[in-house]
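Structural overview
Read off the chains here:
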Amino acid sequence: MIYTSDPQQWSALLGQPIETRILPLPDEVREFVHQVNMASGLDAVPAPCTPDGALQADLRAALAGMPAAVRDLVSPLLLGVCVGRGLGSSGVTDIVADAVDGRILGCIVLLDIDLLESHTANSWATWKENLPFGGPGFALAATIAEPHDDTRAHALQFLLLHEFGHVVTAGGTFLPRWWEPVPAASFPFLDLSWGVNAQGRFVPWDGSNFELRGVVDFYGTNKLDSDAILTAYSGLEGSDFPSLYGATNPYDDFAECFASYVHSELLGRPYLLRVDYDGVPQATLDSFWASPRSGAKRAFMRALLGPAAALPVANDAHALAAA
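Counting starts from 1 at the beginning of each chain's written sequence and moves along it residue by residue. Per-residue local features of the predicted model are confined to residues with pLDDT of at least 70, and side-chain atom pairs are confined, for both listing and counting, to 80 or more; whole-chain, interface and lining totals are unaffected and use all residues. Working from all heavy atoms in the structure, the side-chain values ignore hydrogens and water.

**Description of helix α3 (residues 53-64)**
Rules: Only DSSP runs of H or I with at least four residues qualify as helices, and only runs of E with at least two residues qualify as strands; both kinds are numbered from the N terminus onward. In this scheme, a helix's expected span is set at 1.5 Å multiplied by one less than its residue total. The buried label applies to any residue whose accessible area, calculated with a 1.4 Å probe on protein chains only, is under 20% of its type's maximum; exposed applies above 50%, and partly exposed to all values in between. Taken from the helix axis, the directions to the C-beta atoms give the arc we talk about. Throughout, a residue-residue contact means that at least one pair of heavy atoms, one from each residue, lies within 4.5 Å. Two N or O atoms form a polar contact when they lie within 3.5 Å of each other; inside protein one atom must be a possible hydrogen donor and the other a possible acceptor, and for residues adjacent in sequence the pair counts only when both atoms belong to side chains.
The first and last C-alpha atoms of α3 sit 16 Å apart over 12 residues, in line with the 16 Å expected at 1.5 Å per residue. Considered for burial, the residues of α3 that qualify are Leu55, Asp58, Leu59, Ala62 and Leu63. One face of α3 carries all of its buried residues, which in axial projection span an arc of 130 degrees. Those residues of α3 hidden inside the fold are in contact with β2 (22-24), α4 (68-74), β4 (78-85), β6 (104-112) and α6 (152-171). Its side-chain oxygen placed 3.3 Å from the backbone nitrogen of Ala54, Asp52 serves as the N-cap of α3.

Listed below in structure tokens is the structure:
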């Protein structure tokens, strides 16, 4: 949680249109992220970055192109989107509170332009999917945009949708508040795939867990050999998680569901993963939302965001099929 000594400055942002709530990284936010990185053992040192005209245009296009249902959910909670460098991950979302009385003002979303400025949508998604793995051999290729949409603006939009999933979580009651101890209570989204053990840690239900799920490390240094891609993604297909990143914890489970549902089901855009070996296609992974395993989470997202667009329905074939 980020405490501010100037709550009026932050609260005033809520009166602006959502696509204009774009700002450089404030000092109090930069210092907070730096402390978190040091506590987590990350070497990244955050620094402010003033968005240039091209980045401003891409961010505004990403925000303006989101469905009204998303904008309506996020607008009362989003204080702003900050751009910086050296954040330690592509995006970060946290709560901003009044330093005097602890009153929650809203959420701030941080984007690391170092990890985005050279990418289009598909190259960024491919880079992120391969983060847990290293070495020669197997690799993943991701497609989240058709060729005419393969731009930085569409990469930003998908990343923002994920972060907006965290913003919606902060204002909802379907997951525990991440900034407080987990209470002994029922939570509608949490209970679909996760329980809480005696130590207060989140653990997936037996039917949701799979091999390597607990050791996948996206932003740390514990890389798995490239052939672990086959084990991890075969296990993912038997689970009710939307992505490998979504299987790491309940908050990213929801954020990945939120982002991919909006992206695929409401906006009608592709979300495809291909497994290659030395650059030669080996297998493809179908969309989570095209599979029966998405049933319970589809019902949750439909209740939250509305029904999917009238798109062609994919066959419910097994997801890893020979290419």
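**Let's talk about the pattern of salt bridges**
Heads up, the rule is: Salt bridges are defined as contacts in which a side-chain nitrogen from Lys or Arg sits within 4 Å of a carboxyl oxygen from Asp or Glu.
If you walk through the whole model with that rule in mind, you get 11 salt bridges. Among the ionic pairs, Glu265 bridges to Arg298, the shortest N-O distance being 3.1 Å. Remark: Arg298 occurs in helix α10 (residues 295-305) and Glu265 occurs in helix α9 (residues 250-266); sequence separation between them is 33 residues. Relative accessible area serves as the criterion here: at 25%, Arg298 is assigned to the partly exposed category. Through salt bridges with shared partners, a single ionic network connects Arg85, Asp114 and Glu117.

**Details of the packing of α9 against α10**
This is how the line gets drawn: With axes taken as lines fitted to C-alpha atoms, and helix axes fitted only over the stretch in contact, angles between N-to-C directions fall between 0 and 180 degrees. Working rule for angles: under 35 degrees goes down as roughly parallel, over 145 as roughly antiparallel, 65 to 115 as roughly perpendicular, anything else as oblique. Ten residues, namely Ala, Val, Leu, Ile, Met, Phe, Trp, Tyr, Cys and Pro, are considered nonpolar, four, namely Asp, Glu, Lys and Arg, are considered charged, and the remaining ones, Gly among them, are considered polar.
It is at 11 Å that the axes of α9 and α10 come closest, and there the two elements cross at 70 degrees. Taken together, the axis directions place α9 and α10 in an arrangement best described as roughly perpendicular. On α10, the residues that touch Asp253, Phe254, Cys257, Phe258, Tyr261, Val262, Glu265 and Leu266 of α9 are Lys297, Arg298, Phe300, Met301, Arg302, Leu304 and Leu305. Its residues assigned to classes, the contact of α9 with α10 shows 10 nonpolar, no polar and 5 charged.

**A few points about the environment of Gln56**
Counting through the fold element by element, Gln56 comes out in helix α3. C-alpha of Gln56 to C-alpha of Ala153: the two residues are 97 residues apart in sequence and 9.8 Å apart in space. The contact partners of Gln56, leaving out residues within four places of it in the chain, are Ile22 and Pro51.

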